[in-house]
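# A closer look at the structure
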Amino acid sequence: MSIVLATTRPDELAAFSKALADKTGQDVDVASSGAATLERVSAKSPALVVIDENLPDHKPLDLVREILMVSAMTLTAVVTSMSEEDFHEAAEGYGVLMALPANPAAQDGTELANRLSGV
């Protein structure tokens, strides 16, 4: 299993990323754009891609759709500032494993790892 974190702010998400890595036993590979993320998905078909808001070239849910076209078995989680209700409405049918808060912390990484292990 491998995990990709699509973000331009890896330092700010370090505690989240570390908790996710520690709980899953996997390295978290950082990609700084949607294009780089899609390259990694094409090459490695990771088990999980965590997509942060404000990537320079993709909106999060657009990237989720593209990932599904490249690797339908890759699960996704999205860092979002949208309300839970708005996110659910916008992401319905995409199979997003989890919506994460705009600034996910270590406990969010642990929770995401727990959900991933339950799939």
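Residues numbered from 1 in each chain as written. Predicted model: local features only at pLDDT ≥ 70, side-chain atom pairs only at ≥ 80, totals over all residues. Heavy atoms only, no water.

### Quick look at the overall build of the protein
Assigned secondary structure in the protein consists of 5 helices and 5 strands. Mapped in sequence order, the helices and strands of the protein form the string β-α-β-α-β-α-β-α-β-α. Relative to the compact-globule value of 14 Å for 119 residues, the protein shows a C-alpha radius of gyration of 13 Å, a close match. Along the first, second and third principal axes, the C-alpha atoms of the protein reach 35 × 30 × 30 Å. Per-residue burial for the protein yields a buried fraction of 47% across its 119 residues. A sequence separation of at least 24 residues applies to 61% of the contacts in the protein between residues at least 6 apart. (Helix = DSSP H or I, 4+ residues; strand = E, 2+ residues; numbered from the N terminus. Rg over C-alpha atoms; globule rule 2.2 N^0.38 Å. Buried < 20%, exposed > 50% of the residue type's maximum accessible area, 1.4 Å probe, protein only. Contact = heavy atoms within 4.5 Å.)

### Remarks on a negative patch on the surface
A contiguous patch of negative charge on the surface is contributed by E84, E85, D86, E89 and E92. Tracing the chain through its elements places E89 in helix α4 (residues 84-91). E89 gets classed as exposed once you look at its relative accessible area, which sits at 58%. (Patch = residues over 30% accessible without salt bridge, like charges linked within 9 Å, V, L, I, M, F, W, Y side chains within 5 Å. Areas by Shrake-Rupley, 256 points an atom, 1.4 Å probe, with all protein chains shown as cover. Salt bridge = Lys/Arg side-chain N within 4 Å of Asp/Glu carboxyl O. Lys, Arg positive; Asp, Glu negative; His and termini not counted. Charge placed at Lys NZ, Arg CZ, Asp CG, Glu CD.)

### As for unusual backbone geometry
In terms of backbone geometry, most residues other than glycine have negative phi values and most peptide bonds are trans. For S45, which is not glycine, the phi dihedral falls at a positive 40°. Position of S45 relative to the elements: it lies in the loop between α2 (34-44) and β3 (48-51). Within the chain, N54 stands out as a residue other than glycine whose phi angle is a positive 65°. Of note, N54 is situated in the loop between β3 and α3 (60-70).

### A closer look at the nonpolar core
Ranked by size, the top nonpolar core spans 18 residues in total, and within it F16, L20, L48, V50, A77, L100 and L112 carry the most contacts. Looking at this core, the elements with two or more residues in it are β1 (3-6), α1 (14-24), β3, β4 (75-79), β5 (98-100) and α5 (106-117). Each residue touching F16, except ones within four places of it in the same chain, is listed here: L5, V50, L100, P104, A105, A106, D108, G109 and L112. (Core = buried A, V, L, I, M, F, W, Y, C linked by side-chain atoms within 4.5 Å.)

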